[in-house]
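Listed here are the chains, written in short residue letters.
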Amino acid sequence: MTERILVVEDEPAILESVAYALRHNGFETEAAPTLEVARSLAYLADLVILDVMLPDGSGLEFLQRLRANGQRTPIIVLSSRDGESDRIAALEAGADDYVTKPFSPREVVARVRAVLRRVKPSGGATGCQLRVEPATRRAFARQSELDLTRVEFDLVSALLGTPGNVYTRSQLIESVWGDGYAITDRTVDSHIKSLRRKINEAGTSADTIETVRGVGYRVSPSSPPEPTASK
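Along each chain, residues carry numbers from 1 onward, in the same order as the chain's sequence is written. Selection of residues for local features in this predicted model requires a pLDDT of at least 70, selection of side-chain atom pairs for listing and counting requires 80 or more, and totals for whole chains, interfaces and linings are taken over all residues. Each side-chain value is worked out from all heavy atoms of the structure, with water and hydrogens disregarded.

**So, the sheet that holds strand 9 (residues 138–141)**
How we decide: Two strands make a pair as long as DSSP finds a minimum of two bridges between them. The way it works is that DSSP assigns letters per residue, a run of H or I at least four long becomes a helix, a run of E at least two long becomes a strand, and they are numbered from the N terminus. Lines are fitted to the C-alpha atoms to define the axes, a helix being fitted only along its stretch in contact, and any angle between axes, read from their N-to-C directions, falls within 0 to 180 degrees.
Ordered by their spatial adjacency, three strands build an open sheet running 8-9-10, and the pairing between neighbours is antiparallel. Both edges of this open sheet fall to strand 8 (130–133) and strand 10 (144–146), since each of them pairs with a single strand only. If you compare each strand with its neighbour and ignore which way they point, the axes differ by 35° on average. In the sheet, strand 9 pairs with strand 10 via three bridges, with the strands oriented antiparallel. The partner of Ala141 across the bridge, within strand 10, is Ser144.

This is the structure in structure tokens:
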């Protein structure tokens, strides 16, 4: 099924470029230049791209009302403000991601794909020892909650998109960081190493995240054997 993306943006050039990029990449797109229009469309969308400053109100207040009403549709916030406090305010209001202007439409498409992968119900496959709760951004190894950084959570969410599938380092960089970031393969490897350590400390085999030599990483769709205690 083709995902439907609602773009709430009052600047015609931005709205047109983002909508075109989404359609070009296979998404259905709805446009809303105001919150009034967005109210009737938000509940029909699979994901919402939401500008912060709109002619008839605050995008963040709109986001807070949606979350207060129990609406869990993933939302990516667009803003010209790049301060840490602005990002935190949006995430605490319930945003799933935050993109600052100016941005490339390709980056927005990559963020959309990453968020949609994180919220797929298949993220906790039967037999897999890892699972995530995208709405609360909590991750678990078996029954133990993992204390993950934002990047570690996004990495494990991307890998859980389809347990058993191999994800290249380039795919993980696109999913977690998007375009415009000077991220190397070694940076990915470093975060995976930290993620494995935390999984192991939680009592689950670090081999739950498998290395596919020369290609990338995958999450084992079934339980890897636990290390036996030495006598």
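**A closer look at the pattern of salt bridges**
Two side chains bearing opposite charge may form a pair once their charged atoms approach each other closely. Note the threshold: Any Lys or Arg side-chain nitrogen located within 4 Å of an Asp or Glu carboxyl oxygen qualifies as a salt bridge. Note on exposure labels: buried denotes an accessible area under 20% of the residue type's maximum, exposed denotes more than 50%, and partly exposed covers the range between, all computed with a 1.4 Å probe on protein chains only.
Counting across every chain of the model gives 16 salt bridges. One salt bridge connects Lys198 with Glu152, and the closest N-O pair in it is separated by 2.8 Å. Highlighted residues: Lys198 in helix 8 (residues 185–201) and Glu152 in helix 6 (residues 150–159), separated in sequence by 46 residues. Of the two residues, Lys198 and Glu152, neither departs from the other in class, the shared state being buried.

**Things to note about the environment of Thr2**
Operational definition: Note on contacts: a residue pair qualifies if any of its non-hydrogen atoms lie within 4.5 Å across the two residues.
When you line up the elements, Thr2 lands in the segment before strand 1 (4–8). In sequence terms Thr2 and Arg169 are 167 residues apart; their C-alpha atoms lie 26 Å from each other. The residues touching Thr2, leaving out its near neighbours within four places in the chain, are Gly26, Phe27, Glu28 and Asp46.

**A word on helix 5 (residues 105–118)**
Operational definition: Here, expected helix span is obtained from the residue count minus one, scaled by 1.5 Å.
The end-to-end C-alpha separation of helix 5 is 20 Å, in line with the 20 Å expected for 14 residues at 1.5 Å each. Turning to helix 5, its buried residues are Glu107, Val108, Val109, Ala110, Arg111, Val112, Ala114, Val115, Leu116 and Arg118.

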